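Close look at the chain arrangement
Below, each chain spelled out in residue letters.
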Amino acid sequence: MTATHAVSGAATPATLTIGGAFTAGRINEGHVIALAAAAPVGSIDPVDVALNDLVHAEWPDLATPPIDPRDADPPTRERRHGVRLVRGFPLTDEGTADLVVMRGSMESVMAQTTISRGDRSNVRRNAAWARRHGWRPLAIATASLAPDGTIGPFALQGFVEVGVGKPTRDPDHWSANWVRLSVWSASLRLQHWLNVAAVFVLSCTGYIIMDPFFGPEAHAGAEAGFQMGVVRFIHVTVGFVWLLLGASRVVSAFVSRDKHLRWTEWWPLKRKQDVRNLGRVMQYYAFIKTESPLFVAHNPLQHLTYAGVYVACGVQMITGFSLYGLYHQTSPFWALVSTPVHWLGIPGIRLIHAMMMFGLWAFVIVHVYLAVRADSLERHGGISSMINGGVWLRRGAKPVDAPEIG
């Protein structure tokens, strides 16, 4: 879905191309582009012309009413955004609304809008992806206009991709029917893969410590070596690294601007609809239903599962360092760390530590299976998203946690 328009004034006319749109509010891509297309009567601005051509071709029912030139305040060198009054815009199913539309550079518009830290981070990440692929994000914000002329606070609605010299997409090509959304931040992806490596090393070395199956320790009467010392050193060293990873995740849960990293995401059941969606997802995974509610990020069952995994990892760290602290009980600090051992005994803590290891193995197996299954059935790139940070959704899709796509 693109529209092109020749830009004059150069030796060779350039082609202005309108790509897709990213939505930051509760309106879909078509509404964002239609709001961006709102232009004064007779405007010959190439961006206005290309946007209106696209709206008339793709969403004719959203064509903006003509704007009186007196209701348009164009951008200036000092203010990198313009403001336009749009009367009777079909924003909702209930009717029309009078809106004040702000359009311009991302930084200029965002500085004038109300937006949460998490949403701001998400918008910036998607805008950065658009820039890397040759697009210029044209930010769109709206404010309500009261009958007495009072203008409400501006809310960021998203941005439209604008480019020069880009070829028109083939409407039959798969990319014309799919939209890429940047979801997972680089810090989250780094933590994920470092955790994978740490859990793998800790599981392998931990199992050898629990039940040596090769080397001198596996054969009675064999000459003792220092194999177990090496294994324990690796286990303890990676354990400290894992502890630092866990601490960084806890800190990010409270200070991160990425809404997907915030602690509020760990408990997704905030409304009755969330509970219903949880039941539908569970039925889908149990092969009772053939369809599941669509989520851009994690669904409620995934949120609850990952919250449980965080708790399990915390228990694993506590029991592991409780056993490690036994080496130096004359230290008040390590004596405090080993308190669970004094309560439950060494065999009890070792059993809990081993059972948590097997529990994490079971989670990893189910996690990989469901990830592959979801990618095979839903085909929106959930697995690759933990590498490149983005997912693909079909135009017209209606996610629970995002506006309608396209």
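**Digging into the confidence of the model for the protein chain**
Residues with a pLDDT of 70 or more make up 85% of the protein chain, whose mean pLDDT is 82. Mean pLDDT values for the elements of the protein chain range from 49 in strand β1 (residues 3-7) up to 93 in helix α8 (residues 300-324).

**Observations regarding the environment of proline 69**
Its location among the elements puts proline 69 in the loop between α2 (46-58) and β3 (72-73). Setting aside its immediate chain neighbours within four residues, proline 69 contacts Pro40 and Val41.

**Some words on the nonpolar core**
Ranked by size, the top nonpolar core spans 31 residues in total, and within it Met106, Val123, Leu156, Phe159, Leu181, Val183 and Val296 carry the most contacts. Elements with a contribution of two residues or more to this core: β5 (95-104), α3 (106-110), α4 (117-132), β6 (136-144), β7 (155-164), β8 (178-182) and β9 (390-394). Counting 27 residues, the second-largest nonpolar core is a separate cluster that includes Ile33, Leu35, Val47 and Val55.

**Details of the packing of aromatic side chains**
A full pass over the atoms with the stated rule returns 14 aromatic pairs. Ring centres 6.4 Å apart and planes at 85° place the aromatic pair phenylalanine 321 and tyrosine 324 in the edge-to-face group. One end of the pair, phenylalanine 321, and the other, tyrosine 324, are both in helix α8, three residues apart, so they sit about a helical turn from each other. Relative to tryptophan 361, the ring of phenylalanine 358 lies with its centre 5.3 Å away and its plane at 90°, an arrangement referred to as edge-to-face. You can see phenylalanine 358 and its partner tryptophan 361 sitting in helix α11 (residues 346-378), three residues apart, about one turn around the helix. Taking relative accessible area as the criterion, phenylalanine 358 reaches 33% and is therefore assigned partly exposed. A connected cluster of aromatic rings, assembled from ring pairs, spans Phe240, Phe321, Tyr324, Tyr327, Phe333 and Trp334.

**Quick look at the pattern of salt bridges**
When charged atoms on two side chains of opposite charge get close, those side chains can pair. Taken as a whole and assessed by the stated rule, the structure comprises seven salt bridges. Residues arginine 103 and aspartate 48 are paired through a salt bridge, measuring 2.8 Å at the closest nitrogen-oxygen approach. Of this pair, arginine 103 sits in strand β5 while aspartate 48 sits in helix α2, and the two are 55 residues apart along the sequence. For aspartate 274, the salt bridge is made with arginine 271, and the minimal N-O distance between the two is 3.3 Å. Salt bridges sharing common partners tie together Asp45, Asp48, Arg84 and Arg103.

Definitions and limits used
Residues numbered from 1 in each chain as written. Predicted model: local features only at pLDDT ≥ 70, side-chain atom pairs only at ≥ 80, totals over all residues. Heavy atoms only, no water. pLDDT = per-residue confidence, 0-100. Helix = DSSP H or I, 4+ residues; strand = E, 2+ residues; numbered from the N terminus. Contact = heavy atoms within 4.5 Å. Core = buried A, V, L, I, M, F, W, Y, C linked by side-chain atoms within 4.5 Å. Buried < 20%, exposed > 50% of the residue type's maximum accessible area, 1.4 Å probe, protein only. Phe/Tyr/Trp six-rings, centres within 6.5 Å; stacked < 30°, edge-to-face > 60°. Salt bridge = Lys/Arg side-chain N within 4 Å of Asp/Glu carboxyl O.

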